[in-house]
Amino acid sequence: MPDPSYVCGRTDSPLLYRTVGGVLRLAAEQWPDGEALVVSHQKVRLTYAELYERATELAKALLALGLRPGDRVGIWSPNNMEWVLTQFATAQAGLILVNINPAYRTTELDYAVRAVGCRALVLAPSFKSSDYVGMMKSLLPRGDWAGGGKVRSDTYPELRFLIQLGVDLRQGFMSFDALCESGRAADPKPFEAVQGRLDPDQPINIQFTSGTTGLPKGATLTHFNIVNNGFFVGEGMRLGPEDRICISVPLYHCFGMVLGVLAAVTHGAAMVFPSEAFDAEATLRTSAAEHCTALYGVPTMFIAELDHPRFAEFDLSSLRTGIMAGAPCPIAVMRRVIEQMHMREVTICYGMTETSPVSFQSDVNDQIDKRVSTVGTVHPHVQVKIIDGDGGVVPRGTPGQLCTRGYSVMRGYWNDPGRTAEVVDEAGWMHTGDLAVLDDDGYCNIVGRVKDMIIRGGENIYPREVEEFLYRHPKVLDVAVVGVADRKYGEEVCAVIRLHEGASADEQEIIDFCRGQIAHYKVPRYVRFAKEFPMTVTGKVQKYLIRQRVEEELGVERERTA
Ligand code: AMP
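Please read these numbers as outputs of a predicted model, since none were measured by experiment. Numbering of residues begins from 1 in every chain and follows the order in which that chain's sequence is written. Where local features are concerned, this predicted model is filtered to residues with pLDDT of at least 70; where side-chain atom pairs are given and counted, the filter is 80 or more; whole-chain, interface and lining totals use all residues. The side-chain figures draw on all heavy atoms in the structure; neither hydrogens nor water molecules are used.

Caption draft 1: Local environment of the sheet that holds strand β18 (residues 358-361). Between any two strands, at least two bridges found by DSSP are needed for them to pair. A run of H or I in DSSP counts as a helix once it spans at least four residues, and a run of E counts as a strand once it spans at least two, with each numbered from the N terminus. Across the sheet, nine strands lie side by side as β3-β2-β14-β13-β15-β16-β17-β18-β19; this open sheet has mixed pairing. A single partner strand is all that each edge strand has here, and the edge strands are β3 (44-47) and β19 (377-378). In terms of strand pairing, strand β16 (residues 321-325) meets strand β17 (residues 345-351) through five bridges, oriented parallel. If you follow Met324 over to β17, its bridge partner there is Ile348. Pairs of residues are marked as contacts when any of their non-hydrogen atoms sit within 4.5 Å. Geometry is summarised by axes, namely lines fitted to C-alpha atoms with helices restricted to the contacting stretch, and by angles between N-to-C directions that run from 0 to 180 degrees. Contacts between helix α2 (residues 48-64) and the sheet are confined to β2 (35-39), β3 and β14 (270-273), with β3 contributing the most and set at about 95° to the helix. Of the strands in this sheet, β2, β3 and β14 touch helix α3 (residues 81-92), which is tilted by about 140° from β2.

Caption draft 2: Region of the structure containing α3. Working rule for helices: expected span equals 1.5 Å times residues minus one. Under the 1.5 Å per step criterion, the end-to-end length of α3 is 17 Å for twelve residues, consistent within 8% with the ideal 16 Å. Among the residues making up α3, those that are buried are Met81, Glu82, Trp83, Val84, Leu85, Thr86, Gln87, Phe88, Ala89, Thr90, Ala91 and Gln92. Following α3 by one or two positions, Gly94 has its phi on the positive side, about 75°. Throughout this description, buried means an accessible area under 20% of the type-specific maximum (1.4 Å probe, protein chains only), exposed means over 50%, and partly exposed covers the range between.

Caption draft 3: Expanded view of the sheet that holds strand β29 (residues 526-529). Spatial strand order, β27-β28-β29: three strands in an open sheet with mixed pairing. On the outer flanks of this sheet lie β27 (476-486) and β29, each paired with one strand and no other. Put simply, the sheet's adjacent strands are angled 25° from each other on average, direction ignored. Sheet strands touched by helix α17 (residues 543-554): β27, β28 (490-499) and β29. Its angle to β27, the strand with the most contacts, is close to 60°.

Caption draft 4: Structural view of the pattern of salt bridges. For salt bridges, the criterion is a side-chain nitrogen of Lys or Arg within 4 Å of an Asp or Glu carboxyl oxygen. Taken as a whole, this structure holds 37 salt bridges when the rule is applied. Between Glu57 and Arg184 there is a salt bridge, with the nearest N and O atoms lying 3.3 Å from each other. With Glu57 in helix α2 and Arg184 in helix α6 (residues 176-185), the pair connects residues that are 127 residues apart, well separated along the chain. Residue Arg184 is classed as exposed on the basis of its relative accessible area of 54%. Close ionic contact of Arg456 with Glu492 constitutes a salt bridge, the shortest N to O distance being 3.2 Å. Here Arg456 is found in strand β25 (residues 454-456), whereas its partner Glu492 is found in strand β28, with 36 residues between them in sequence. The pair Arg456 / Glu492 is uniform in exposure class, with both members buried.

The structure is reproduced here in structure tokens:
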């Protein structure tokens, strides 16, 4: 009889019972002069002592505004120094940071701010085609602005403060820089009082994931969740104060703020941000110029770097380790990363936001074959089982749904016990919706998904959300959104539409309808029209057949992955 598909991670190194602010303070004490933060596009360099001081000032200023522990503070910005300062300052003040995807547009922002009742929103002025300030203004009636960044609104009853980054302050907003400045002179008492009451088990962060019901849910994570996950991810790479991590993944996702920021801070490593949003050339240039020892990315990013026409010009010999994660990792790309980018100790991580995120990681000492073709073994202190459709644990070697249990499982979806109970069962298992196989040695392969989700270049897209948006188009009778294989992004969004009787539309019309309304990565790359959908006898649309047909038409194939 083969063993059951159940594994439990090592426990020799104890879990840390610390807060996010606590680990920053420790880092400032242990490595005061060590470089903590380098932001190439802002020409910023901060040591751990400086980072701690700046974050503490901001924490004092946030409390002086009248914000109180447990209040939600949204951040809607690409990667920058202010994002990292806000991450630490909110945690130090006991405030719950709400990560808002910088690709979100008005429909999504409106939902996010409302869903978790943000009391303050920190926002960048604009980035590329996203005018954040303009979008926020379009959502709030004029009469709701009380001046100086203060608001009173029936639309967002809990919202009080709009804090804008940058020197070019727009009318009606509060300056982030001025707020930081005010923290220096702020009364330290409220801050000191909060310090005594901070508890690692308090929720400290909300991140949105959509899910099959279409509407985004706020996965709520505690200090304990993310401090430990960041710490053990760093252990997995053998990080130390001599390491410098090039973080080209976004901060609004766990990949940036946990695997990047918290792995670095718990090991005294430097965080190096090459650009506001992913830019292959900036990543290569910064990795070389800053002598980075680790580099992160989703598979699409590594592909873009390896295929970059100037790739050979950059000396990447300082690289040692790093992480590829977020989407199925092609074996061929892993091999190129090891050989051409010198990342001989690169690791693969697998996880999801609801589990803080990582539950599997390959080890720097794993056999090369295992390291490129699996997501490694289970993380310390985490349990995983693989189950069949009836909930029974399958034997090793048999695919089934991956379930995770342990310190890393989220507190729940914000204010939504019903939807939390749909994914976290009574015994504490998070049902991931991913299909996986465990081998006899405990190595795991992700082989598919039971959830209806597309991963385009590391961004998760829930077809249901895009379908619901497309139903708003007056000519659309029925729509099925599927992910089709794509060499660059792993998958691309394809919408197959049935139009109302007598209606006609073309691909461009549908794409134009989406532009500016939903995040760019959710806008279908392909639009096809059909008279009928293939259906099961029970009346369910057979999406896999739709996907197969479109892939055949496009002549694309899926790659072998870890
Ligand atoms: P997120 O919540 O954005 O972190 O996305 C989590 C989802 O990304 C998982 O449920 C998986 O479907 C997918 N995912 C993450 N890492 C990997 C990986 N290494 N291989 C395959 N899929 C992955």
